[in-house]
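What follows is each chain in one-letter form.
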Amino acid sequence: MNKPYPEQLGEWIKGTRPAQRDQYLVAFLAVSDDVRAALAAGFSMCSIWRHLHALGRIPFGYDTFLKHVHRMQKSSAPAQQARPALPAKGNRAPAHAPAPAGFTFNPVPKKEELL
């Protein structure tokens, strides 16, 4: 009798070698706390990568390192809404400012303006 598909898939995954990019992500996640601390201390990304690469803690190149750092920074940044800042209390514009001079569209035509 055949095994259920999830069991077959699990056995196949155990027998295969993980993709290189998966290994790189795991390696970056292992050093991500150190990278955050070094960036907060003011070190450049190039210096951090060179040091971690020299120690053998990350096997990938600088471009891959930058991609992972930018993704980490984007995911940890607080969600900011694109809302304009409110002016100071005394400088607020009225709720309905007068319409600017010039053309204004009126969907209901005036009879005297028609031909």
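Residues numbered from 1 in each chain as written. Predicted model: local features only at pLDDT ≥ 70, side-chain atom pairs only at ≥ 80, totals over all residues. Heavy atoms only, no water.

When its secondary structure is counted, the protein chain shows four helices and zero strands. Overall, the protein chain shows an N-to-C arrangement of helices and strands of α-α-α-α. For the protein chain, with 115 residues in total, the buried portion stands at 14%. A fraction of 49% describes how many contacts in the protein chain between residues 6 or more apart in sequence connect residues 24 or more apart. When the accessible surface of the protein chain is summed, it comes to about 10,300 Å², and 59% of that surface belongs to carbon and sulfur atoms. (Helix = DSSP H or I, 4+ residues; strand = E, 2+ residues; numbered from the N terminus. Buried < 20%, exposed > 50% of the residue type's maximum accessible area, 1.4 Å probe, protein only. Contact = heavy atoms within 4.5 Å. Areas by Shrake-Rupley, 256 points an atom, 1.4 Å probe, with all protein chains shown as cover.)

Judged by nonpolar contacts, the single largest core of 14 residues is most densely connected at F28, V35, L52, I58, F60 and F65. When contributions to this core are tallied by element, the ones reaching two or more residues are α2 (20–40), α3 (45–55) and α4 (62–76). With six residues, α2 is the single largest residue contributor to this core. Apart from the residues lying within four places of it in its own chain, the contact partners of F60 are Y24, A27, F28, W49, H53, F65 and H68. (Core = buried A, V, L, I, M, F, W, Y, C linked by side-chain atoms within 4.5 Å.)

What follows covers the packing of α3 against α4. Remark: α3 packs on α4, axes separated minimally by 10 Å, with the N-to-C direction vectors making an angle of 120°. One element, α3, and the other, α4, form an angle in the oblique class. Here α3 runs over α4; the crossing is right-handed. Together, M45, C46, I48, W49 and L52 of α3 and Y62, F65, L66, V69 and H70 of α4 make up the contact between the two elements. (Axes fitted to C-alpha atoms, helices over the stretch in contact; angles between N-to-C directions. Parallel < 35°, antiparallel > 145°, perpendicular 65-115°, else oblique. Left-handed = near helix turned anticlockwise from the far one by under 90°.)

Taken together, the side chains of Y5, L9, W12 and I13 make up a nonpolar region of the molecular surface, amounting to roughly 460 Å² of accessible area. Summarising the element assignment, W12 is placed in helix α1 (residues 5–15). (Patch = residues over 30% accessible without salt bridge, like charges linked within 9 Å, V, L, I, M, F, W, Y side chains within 5 Å. Salt bridge = Lys/Arg side-chain N within 4 Å of Asp/Glu carboxyl O.)

Attention now goes to the confidence of the model for the protein chain. Chain-level statistics for the protein chain give a pLDDT mean of 83 and a share of 79% at 70 or above. Mean pLDDT values for the elements of the protein chain range from 87 in α1 up to 96 in α3. (pLDDT = per-residue confidence, 0-100.)

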